[in-house]
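Given next are the chains, with one letter for each unit.
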Amino acid sequence: MTESTSKLLRLGPLPKTETVKMTIILSVVLKTELERYAALHAQTYGEPIDAATLIPHMLEAFMARDRGFRKSRGSDSQ
């Protein structure tokens with residue numbers, strides 16, 4: 001992992017978590033971009049990873065940074 005690449009990726013190394021299966025539909029463009037992100041993430045952190053594995057972590061990061069969502073839960077002070 002290079003210093004410059006690690007600063008470019010908002011999503012850091014992935015934690016191990018309990019999961020449930022969901023099916024989602026993506027545009028072709030979004031799927032391609034997710035695959036590109038997964039390749040860069042694997043190159044940066046030295047572990048192969050596929051786009052499907054990244055999606056829950058990306059959604060979790062997005063929701064954690066969404067002020068409106070946090071405020072609706074009453075935890076905007078985090």
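Residues numbered from 1 in each chain as written. Predicted model: local features only at pLDDT ≥ 70, side-chain atom pairs only at ≥ 80, totals over all residues. Heavy atoms only, no water.

Section: a nonpolar patch on the surface
1) Next: A cluster of nonpolar residues, Val20, Met22, Ile24, Leu26 and Leu30, forms a patch on the protein surface that exposes about 520 Å² of accessible area.
2) Next: Residue placement: Leu26 occurs in the loop between helix H1 (3–8) and helix H2 (28–45).
3) Next: Accessibility expressed as a relative area gives 34% for Leu26, which makes it partly exposed. (Patch = residues over 30% accessible without salt bridge, like charges linked within 9 Å, V, L, I, M, F, W, Y side chains within 5 Å. Areas by Shrake-Rupley, 256 points an atom, 1.4 Å probe, with all protein chains shown as cover. Salt bridge = Lys/Arg side-chain N within 4 Å of Asp/Glu carboxyl O. Helix = DSSP H or I, 4+ residues; strand = E, 2+ residues; numbered from the N terminus. Buried < 20%, exposed > 50% of the residue type's maximum accessible area, 1.4 Å probe, protein only.)

Section: the side chain of Thr44
1) Next: Its location among the elements puts Thr44 in helix H2.
2) Next: For Thr44, a relative accessible area of 3% translates into the label buried.

Observations concerning helix H3 (residues 51–65)
1) Next: Relative to the 21 Å expected for 15 residues at 1.5 Å per residue, H3 spans 21 Å between its end C-alpha atoms, a close match to the ideal helical length.
2) Next: Regarding H3, the residues found buried are Ala51, Leu54, Ile55, His57 and Ala61.
3) Next: For H3, the secondary structure elements touched by its buried residues are H2. (Expected span 1.5 Å × (residues − 1). Contact = heavy atoms within 4.5 Å.)

With respect to the nonpolar core
1) Next: Judged by nonpolar contacts, Leu11, Leu34, Ala38, Ala51, Leu54, Ile55 and Ala61 together constitute the single largest core of 7 residues.
2) Next: For this core, the secondary-structure elements that each account for two or more residues are H2 and H3.
3) Next: Per-element tally for this core: the top contributor is H3, with 4 residues.
4) Next: With residues up to four places along the chain from it excluded, the contact list for Ala38 reads Ile49, Asp50, Ala51 and Leu54. (Core = buried A, V, L, I, M, F, W, Y, C linked by side-chain atoms within 4.5 Å.)

Examining the confidence of the model for the protein
1) Next: On average, residues of the protein score 84 in pLDDT, and 86% of them reach the 70 mark or higher.
2) Next: By mean pLDDT, H1 is the weakest element of the protein at 59, and H2 is the strongest at 95. (pLDDT = per-residue confidence, 0-100.)

Some words on the environment of Asp66
1) Next: Note on placement: Asp66 falls in the loop between H3 and helix H4 (67–73).
2) Next: Given the relative accessible area of 27%, Asp66 is considered partly exposed.
3) Next: Only 3.1 Å separates the side chain of Asp66 from the backbone nitrogen of Gly68, close enough to count as a polar contact.
4) Next: Here Phe69 takes part through its backbone nitrogen, which lies 2.8 Å from a polar atom of the side chain of Asp66. (Polar contact = N/O pair within 3.5 Å; in protein donor to acceptor, adjacent residues only side chain to side chain.)

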